[in-house]
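Below are the chains, spelled out letter by letter.
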Amino acid sequence: MDIALAVIGGTGVYRLAALEDVEARQVDTPYGAPSGPLRIGRLGGTRIAFLARHGEGHALPPHRVNYRANLHALKQAGATRVLALNTVGGITDAYGPRVLACPDQLIDYTWGRESSFWDGEGEALHVDFGHPYSPMFRHKLLAAARVTGVRLVDGGCYGATQGPRLETSAEIARMRRDGCDLVGMTGMPEAALARELGLDYACLAIVANWAAGCGDAQEITLAEVLDNVAAASAGLPELVAELARG
Ligand code: HPA
């Protein structure tokens, strides 16, 4: 059976517990090893591949993730559609903690990451990136959310920062002026690499906290982040199963 969907899990989502008959596949790629094994299993009658972006023990910080190897490994396994789960901070009003969102735009503030499969040989890969997430696949994700009763905010701009530290309040204020609604550390170069490989890629952002200076909290804690991700993720298995079917 073909792989109907690949899912990349972010902070707080290290397994898809609902997967059945799971096979752990170690994959090597021309770009090195991915963050961990691909866990390929059955969910609601389809086959799904899951990869923990930060490694299963969360050993890899955002700037050390081998994004090229991760995307290439999923492509090698036969995936054509990739749902990226990204834990984020919320900047604008509609994106408070525990909100799930499907952004339609992004701004890249990262630097120094391997951001292309093009290594200087052959024809340069100037892929179109006007719509960084696959419009068709976003549409399917939003439809699957409606069917399963999962509340998902349609649209928004994801600002990808370098990390691993969180942002200053001034940086977030600038991002707000730039038009960002969400801030996370892993959205890029992942989305662009997926485009280079011709994969249909969409982001399901899980808001874990108000970004610096946006809420009342004096400090953003890991406990708060993990607690909110767990609470917001309750409907994910059903949503993923429905998306994989569609
Ligand atoms: N900033 C950047 N990345 C994040 C945040 C944040 O506030 N919360 C979760 N991931």
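Let us look at the structure shown here. Everything numeric here is computed off the predicted structure, so don't read it as measured data.

**Thoughts on the nonpolar core**
The biggest cluster of nonpolar side chains holds 37 residues, and the ones touching the most others in it are Leu38 and Leu74. Within the residue set of this core, elements represented by two or more residues are strand E1 (3–9), strand E3 (38–43), strand E4 (46–52), helix H1 (67–76), strand E5 (81–90), strand E9 (157–160), helix H4 (190–196) and strand E11 (200–210). Membership of the second largest hydrophobic core comes to 34 residues, among which are Leu5, Val7, Val150 and Leu236.

**What to know about the packing of aromatic side chains**
Tallying each qualifying case throughout the model produces two aromatic pairs. Seen in terms of ring centroids, Tyr31 and Phe117 are 5.0 Å apart; in terms of plane orientation they differ by 70 degrees. Their pairing is edge-to-face. Placement of the pair is Tyr31 in the loop between strand E2 (20–25) and E3 and Phe117 in the loop between strand E7 (105–108) and helix H2 (135–148), with a sequence separation of 86 residues. Relative accessible area serves as the criterion here: at 24%, Tyr31 is assigned to the partly exposed category. What makes Phe117 buried here is its relative accessible area of 10%. The interplanar angle of 10 degrees and the centroid separation of 6.3 Å between the aromatic rings of Tyr133 and Tyr201 together place this pair among those described as stacked. Of the two residues, Tyr133 sits in the loop between E7 and H2 while Tyr201 sits in strand E11, which places them 68 residues apart along the sequence.

**Some thoughts on the site of the ligand**
Every residue close to the ligand is listed here: Thr87, Val88, Gly89, Leu166, Glu167, Val183, Gly184, Met185 and Asn209. For the ligand, a nitrogen atom lies 2.7 Å from a polar atom in the side chain of Glu167. A distance of 2.7 Å separates a nitrogen atom of the ligand from a polar side-chain atom of Asn209. If the ligand stood free it would expose 260 Å²; the protein chains cover 93% of that surface. Because more than half of its atoms lie within 2 Å of the grid, the ligand is assigned to the largest pocket. Broken down by secondary-structure element, the contributors of at least two residues to the shell around the ligand are E5 and strand E10 (182–184). Counted by class, the shell around the ligand contains four nonpolar, four polar and one charged residues.

**As for the layout of surface pockets**
Counted as a void, the largest pocket has a volume near 450 Å³. Along the walls of the largest pocket sit 26 residues, with Thr11, Thr87, Leu166, Met185 and Val225 positioned nearest its centre. Of the residues forming the lining of the largest pocket, the biggest block, four residues, is contributed by E5. Each residue belonging to the lining of the largest pocket can be placed in one class, and the counts come to 13 nonpolar, 11 polar and two charged.

**What about unusual backbone geometry?**
Where the residue is not glycine, phi is negative for most of them; where a peptide bond is considered, it is trans in most cases. Residue Pro164 is bonded to the preceding Gly163 through a cis peptide linkage, with omega at -5 degrees. Looking at the secondary structure, you find Pro164 in the loop between E9 and helix H3 (169–178). Note the cis peptide between Met188 and Pro189, where omega equals 10 degrees. Of note, Pro189 is situated in the loop between E10 and H4. Of note, Asp21 is a non-glycine position whose phi angle comes to about 50 degrees, a positive value. Within the secondary structure, Asp21 sits in strand E2. Given the relative accessible area of 58%, Asp21 is considered exposed.

Criteria and cut-off values
Position numbers for residues count from 1 along each chain, tracking the sequence in the order it is written. Confidence filtering applies because this is a predicted model: local features only for residues at pLDDT of at least 70, side-chain atom pairs given and counted only at 80 or more, and all residues used for totals across whole chains, interfaces and linings. Only hydrogens and water are removed before side-chain values are computed, so all heavy atoms of the structure are retained for them. Note on terminology: a nonpolar core comprises buried Ala, Val, Leu, Ile, Met, Phe, Trp, Tyr and Cys residues joined through side-chain atoms within 4.5 Å. For each residue, the accessible area found with a 1.4 Å probe, counting protein chains only, is set against the maximum for its type, and the residue is called buried under 20%, exposed over 50%, and partly exposed in between. Going along the chain from the N terminus, every DSSP run of H or I of four or more residues is numbered as a helix, and every run of E of two or more is numbered as a strand. Aromatic contacts are taken between Phe, Tyr and Trp rings whose centres are within 6.5 Å, Trp giving its six-membered ring; a plane angle under 30 degrees counts as stacked, one over 60 as edge-to-face, and the others as tilted. Residues are classed as near a molecule or strand on a simple rule: at least one heavy atom within 4 Å of it. Polar contact criterion, stated in full: a pair of N or O atoms within 3.5 Å, where within protein one must be able to donate a hydrogen and the other to accept it, and residues adjacent in sequence count only if both atoms are side-chain atoms. The Shrake-Rupley method, run with a 1.4 Å probe sphere, supplies the accessible areas, and residue values consider only the shown protein chains as cover. For cavity detection a 1 Å grid was placed over the protein atoms alone, and a set of points counts as a cavity when a 1.4 Å probe fits there but cannot get out; an open set counts as a pocket when protein lies on both sides within 12 Å along at least five of seven lines, with lining residues being those that have an atom within 4 Å of a point. Occupancy of a cavity or pocket is assigned to a molecule whenever over half of its atoms lie within 2 Å of that pocket's grid points. Residues are grouped as follows: Ala, Val, Leu, Ile, Met, Phe, Trp, Tyr, Cys and Pro are nonpolar; Asp, Glu, Lys and Arg are charged; all remaining types, including Gly, are polar. Grid points are joined across faces, edges and corners, and a volume is the space filled by probe spheres set on the points.

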